Amino acid sequence: METLQIAVDAQGVARLTMNRPEVFNAFNEAMIAELGAAFDQLAADPAVRLIVLAGAGKAFSAGADIQWMKRASEATQDWNLQDARGFAEMLARIANCPKPTIARVQGLALGGGFGLVAACDIALATEDAKFAVSEARFGILPAVIGPYVINAVGPRQARRLALTASRIGAAEALGMGLLHEVVPAAELDAAVQRWVDELLMNGPQAQGEIKRLFAQLALGPVTPEVRELTAQTISRVRMSDEAREGFGAFLAKRPAAWVPVAKQDLSQ
């Protein structure tokens, strides 16, 4: 691919790296299309267990490429609508990916880059990373990324970030729920690996079921419809081959079949 690097290791860990470091991995039409295609490809690959999304160079992603935005401001509404739909579809492919996703963040995550972090399941960053929902500075708004920002940090924090467009540090991003861990820059890859190891210990089909079920559950009352959805889901999954393997491994005090050989520890 022109704007991305993809590598999948023997354990099924896919590392997807945005590779436009000269513009701090700002994305244009090409990168948006390639990100969507890459997540489709990795989601469909049975050898892939999880995906780590990263940015080459000094920054995770500075958001929208200014030249792309300039073209958009001079284009027709129809062109802008089709372009925005492509961006929205790419974010949905990340958020709805059946495999666990980790955002590995260093430097800047601005605008759409903030949206990428919010769309991933787990996000880790360096202590000096900076974040902003910066669209209002350019006279536009964070429309497409808005639902993911709200889901990640809640409506009031999301509104504050969008209205002020101010940059926040990694510690504040951790406190509001955008991030799950903040570490020194030299420890970022080791921290990502710890999360990878945790994810690889669990059933891949179960993880996919978790993502599908949780996507249907909203904050609020547990209605009869919600109770029925959860009961139907667990009754079906309990009878799966993966569940039988998981229960059998536990009773036999052995690692489950999906646990990588290098990570198997019979003492746990």
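Criteria and cut-off values
- Residues numbered from 1 in each chain as written.
- Predicted model: local features only at pLDDT ≥ 70, side-chain atom pairs only at ≥ 80, totals over all residues.
- Heavy atoms only, no water.
- Salt bridge = Lys/Arg side-chain N within 4 Å of Asp/Glu carboxyl O.
- Helix = DSSP H or I, 4+ residues; strand = E, 2+ residues; numbered from the N terminus.
- Buried < 20%, exposed > 50% of the residue type's maximum accessible area, 1.4 Å probe, protein only.
- Pairing = 2+ DSSP bridges.
- Contact = heavy atoms within 4.5 Å.
- Axes fitted to C-alpha atoms, helices over the stretch in contact; angles between N-to-C directions.

Let us look at the pattern of salt bridges. Using the criterion set out here, one finds 13 salt bridges in the structure. Asp189 is paired through a salt bridge with Arg104; the nearest N and O atoms lie 2.7 Å apart. Taken together, the positions of Asp189 in helix 8 (residues 188-200) and Arg104 in strand 4 (residues 101-105) put the pair 85 residues apart, joining distant regions of the chain. A residue is classified by how much of its surface remains accessible, and Arg104, at 18% relative accessible area, is buried. Taking the shortest distance from any N to any O, the salt bridge between Lys211 and Asp121 comes out at 2.7 Å. On the criterion of sequence distance, the pair formed by Lys211 in helix 9 (residues 204-214) and Asp121 in the loop between helix 4 (112-119) and strand 6 (122-126) is long-range, its members being 90 residues apart. Classification of Asp121 as partly exposed rests on a relative accessible area of 29%. The structure contains a network of salt bridges with shared partners spanning Asp40, Glu89 and Arg93.

As a further point, take the sheet that holds strand 5 (residues 108-110). Ordered in space as 5-7-8, the three strands form an open sheet in which the pairing is mixed. A strand with exactly one partner marks an edge of an open sheet, and here the two such strands are strand 5 and strand 8 (168-169). Strand direction decides the pairing type here: strand 7 (residues 130-132) and strand 8, joined by two bridges, are antiparallel. Considered in strand 8, the bridge of Lys130 is made with Gly169. Strands in contact with helix 4 are strand 5 and strand 7; relative to strand 5, the strand with the most contacts, it is inclined by about 95 degrees.

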